[in-house]
Amino acid sequence: MTKGPEAVTALKLEQEMPLSEAMQAYFSKCDEKLGMVPNVLKAYAFNTTKLEVFAAFYNDLMLADSGLSKLERELIAVAVSAVNKCFYCLTAHGAAVRQLSGNPELGEQMVMNYRTADLEPRQRAMLDFAVLMTEDSARIGEEDRQSLRDAGFSDRDIWDIAAVASFFNMTNRMASATDMRPNPEYHGLAR
């Protein structure tokens, strides 16, 4: 399907209600800080309630206090998105890895195959777990959680790893199902 220049998904969804004041302010803050409003937010904007829930959950997982650094959470997003071949998230979160790490090569390695990246053993264990969740979550056993503990993660950290991986498995599927397109600006960031 050919989309117009403003279309962010293949779906034609009518705006059900105007954006709430809080979401208008959030869009303005994104534009101010990022120089754009991420297309994923525009995609959810047809329904303010869905947008507010999505934004709150994303912000809690990716920006709130955690034993995981922001970079580690972005690494999970990219590793999961690589397994799922999610164009939107590989582009947007690959750019975040480049920015947060200051290493464009790391961003590209993560997009292609995290196993080729020069990662700390802690990060590799975290990503192995996130990928196992993505590929075969029913196979996870206590030994997998223990390997994370052995790598230095607390049980709260394991919860956060699982929550971030779960979130991106869901969003990857939404992005693929709706043919969500990343903002063109992401392609050139931190190169």
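Structure: see above.
Everything numeric here is computed off the predicted structure, so don't read it as measured data.

Q: Any chance you could explain the overall build of the chain here in plain terms?
A: A count of helices and strands for the chain gives nine helices and zero strands. Over its C-alpha atoms, taken along the principal directions, the chain stretches across nearly 50 × 30 × 30 Å. A burial count over the chain gives 46% of its 191 residues as buried. A gap of 3 Å separates the mean positions of the 20 positive and 27 negative side-chain charges of the chain.

Q: Just to check I follow, could you spell out the side chain of Thr9 for this structure?
A: Examined against the element boundaries, Thr9 turns out to sit in the segment before helix H1 (21-34). Here the side chain of Thr9 touches Leu11 through a polar contact of 3.1 Å, landing on its backbone nitrogen.

Q: How do you make sense of the packing of aromatic side chains when you look at a structure like this?
A: The description of an aromatic ring pair uses the distance of the two centres, along with the angle that the planes make with each other. As enumerated under the stated definition, the model contains five aromatic pairs in all. Taken together, Tyr44, Phe54, Phe57, Tyr58, Phe167 and Phe168 form an aromatic cluster joined through their ring pairs.

Q: So what exactly am I meant to see when it comes to the pattern of salt bridges here?
A: Oppositely charged side chains can pair when the atoms bearing their charge come close. One pass over the full model with this rule turns up nine salt bridges. In this structure, the salt-bridge partner of Arg98 is Glu108, at a minimum N-O distance of 3.4 Å. Pair noted here: Arg98 is in helix H5 (residues 87-101) and Glu108 is in helix H6 (residues 104-112), with a separation of ten residues, a long-range link. Linking Arg145 and Glu142 is a salt bridge whose minimum nitrogen-to-oxygen distance equals 3.1 Å. Taken as a pair, Arg145 and Glu142 lie in helix H8 (residues 142-150) at a separation of three residues, close to a single helical turn. Judged by relative accessible area, Glu142 falls into the partly exposed class, the value being 40%. What emerges from the salt-bridge pattern is a single network uniting Glu142, Arg145, Arg149 and Asp155.

Q: Honestly, the packing of helix H4 (residues 70-84) against helix H9 (residues 155-178) in this entry has me stumped. Any pointers?
A: Two packed helices can be described by the angle between their axes and the distance between those axes. Running from N to C, H4 and H9 cross one another at 40 degrees; their axes reach a closest spacing of 9 Å. Compared by their axis directions, H4 and H9 come out oblique. Like other packed secondary-structure pairs, H4 and H9 cross with a definite hand, here right-handed. Judged by residue contacts, Arg73, Ile76, Ala77, Val80, Ser81 and Asn84 of H4 engage Ile161, Val164, Ala165, Phe168, Asn169, Asn172 and Arg173 from H9. Grouping the constituent residues of the contact of H4 with H9 by class yields seven nonpolar, four polar and two charged.

Reading the values: the criteria
- Residues numbered from 1 in each chain as written.
- Predicted model: local features only at pLDDT ≥ 70, side-chain atom pairs only at ≥ 80, totals over all residues.
- Heavy atoms only, no water.
- Helix = DSSP H or I, 4+ residues; strand = E, 2+ residues; numbered from the N terminus.
- Buried < 20%, exposed > 50% of the residue type's maximum accessible area, 1.4 Å probe, protein only.
- Lys, Arg positive; Asp, Glu negative; His and termini not counted.
- Charge placed at Lys NZ, Arg CZ, Asp CG, Glu CD.
- Polar contact = N/O pair within 3.5 Å; in protein donor to acceptor, adjacent residues only side chain to side chain.
- Phe/Tyr/Trp six-rings, centres within 6.5 Å; stacked < 30°, edge-to-face > 60°.
- Salt bridge = Lys/Arg side-chain N within 4 Å of Asp/Glu carboxyl O.
- Axes fitted to C-alpha atoms, helices over the stretch in contact; angles between N-to-C directions.
- Parallel < 35°, antiparallel > 145°, perpendicular 65-115°, else oblique.
- Left-handed = near helix turned anticlockwise from the far one by under 90°.
- Contact = heavy atoms within 4.5 Å.
- Nonpolar A, V, L, I, M, F, W, Y, C, P; charged D, E, K, R; others polar.

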